[in-house]
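Spelled out, the chains give:
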Amino acid sequence: LSALGFGCMRFPTVVKDGKNVIDEEKAVSMLRLAIDSGVNYIDTAYPYHDGQSEPLVGKALQDGYREKVFLATKSPVFAITAEEDFDRILSEQLQKLRTDHIDYYLLHALNRDTFEKVVQRFGLIEKMQKAKDQGLVRRIGFSFHDDYEVFRTIVDAYDRWDFCQIQLN
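Reading the values: the criteria
Residues numbered from 1 in each chain as written. Predicted model: local features only at pLDDT ≥ 70, side-chain atom pairs only at ≥ 80, totals over all residues. Heavy atoms only, no water. Pairing = 2+ DSSP bridges. Helix = DSSP H or I, 4+ residues; strand = E, 2+ residues; numbered from the N terminus. Axes fitted to C-alpha atoms, helices over the stretch in contact; angles between N-to-C directions. Parallel < 35°, antiparallel > 145°, perpendicular 65-115°, else oblique. Contact = heavy atoms within 4.5 Å. Nonpolar A, V, L, I, M, F, W, Y, C, P; charged D, E, K, R; others polar. Left-handed = near helix turned anticlockwise from the far one by under 90°.

Novice: Can you walk me through the pairing of strand S2 (residues 13–16) in this structure?
Specialist: In regular strands, side chains alternate between the two faces of the sheet. Where S2 lies against strand S3 (residues 19–22), four bridges are found, and the strand directions are antiparallel. In the strand pairing of S3, Thr13 is matched with Ile22. The hairpin turn running from S2 into S3, its antiparallel successor, is two residues long, and Asp17 in that turn takes a positive phi close to 50°.

Novice: Would you explain the packing of helix H2 (residues 53–60) against helix H3 (residues 85–97) in this entry?
Specialist: Helices that pack against each other are described as a pair by the angle of their axes relative to one another and the distance between those axes. Look at H2 against H3: their axes get within 7 Å of each other, and the N-to-C directions meet at 45°. The angle between H2 and H3 falls in the class oblique. Along its contact with H2, which presents Glu54, Pro55, Val57 and Gly58, the element H3 presents Gln93, Lys96 and Leu97. Partitioning the contact of H2 with H3 into residue classes produces three nonpolar, two polar and two charged.

Novice: Can you walk me through unusual backbone geometry in this structure?
Specialist: Where the residue is not glycine, phi is negative for most of them; where a peptide bond is considered, it is trans in most cases. Even without glycine at this site, Asp63 takes up a positive phi of about 60°. Within the secondary structure layout, Asp63 lies in the loop between H2 and strand S5 (70–75). The phi angle at Ala109 is positive, at roughly 55°, despite the residue not being glycine. By secondary structure assignment, the location of Ala109 is in strand S6 (residues 102–110).

Novice: What should I look at first to understand the packing of H3 against helix H5 (residues 124–133) in this one?
Specialist: Two elements in contact, H3 and H5, have axes separated by 10 Å at closest approach and are oriented at 40°. Here H3 is positioned oblique relative to H5, judged by the angle of their axes. Seen from above, H3 lies across H5 with right-handed handedness. Contacts between H3 and H5 involve Phe86, Asp87 and Leu90 from the former and Leu124, Lys127, Met128 and Ala131 from the latter.

Here it is as structure tokens:
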């Protein structure tokens, strides 16, 4: 992986029909310039830009750019309210990103509440592993927003995590 990644949470925007939307031309240009300059880790998520980020990234990664990067996106744990939601959302994300696989797939913004009430309740770790076994994702992990005790609980809940992304600022 490159020392720096490109986060797709804050693309430039314009107002169209009274709504903030991604300035597609600028965003695609920025993303491709980063890739052409050696950045190969691209990070997006289901809710970024009110759902506009993944389709924009999918478009920007056409014309051979997908093969140059490691693509990361996140499963929107907040949107999972039934067991079948995980598979449906992953399929939707693959379509939006215009790819047959995601290199780094994260359970998004885990904390004590989401881990207990969603991840454990709906067997999301097992669903992540199944997606990995099927080749839909290459590496499985989670992003994290809580304290050390909760972090240890999540890390220790599964011995095959490939990575985690922690909030550091």
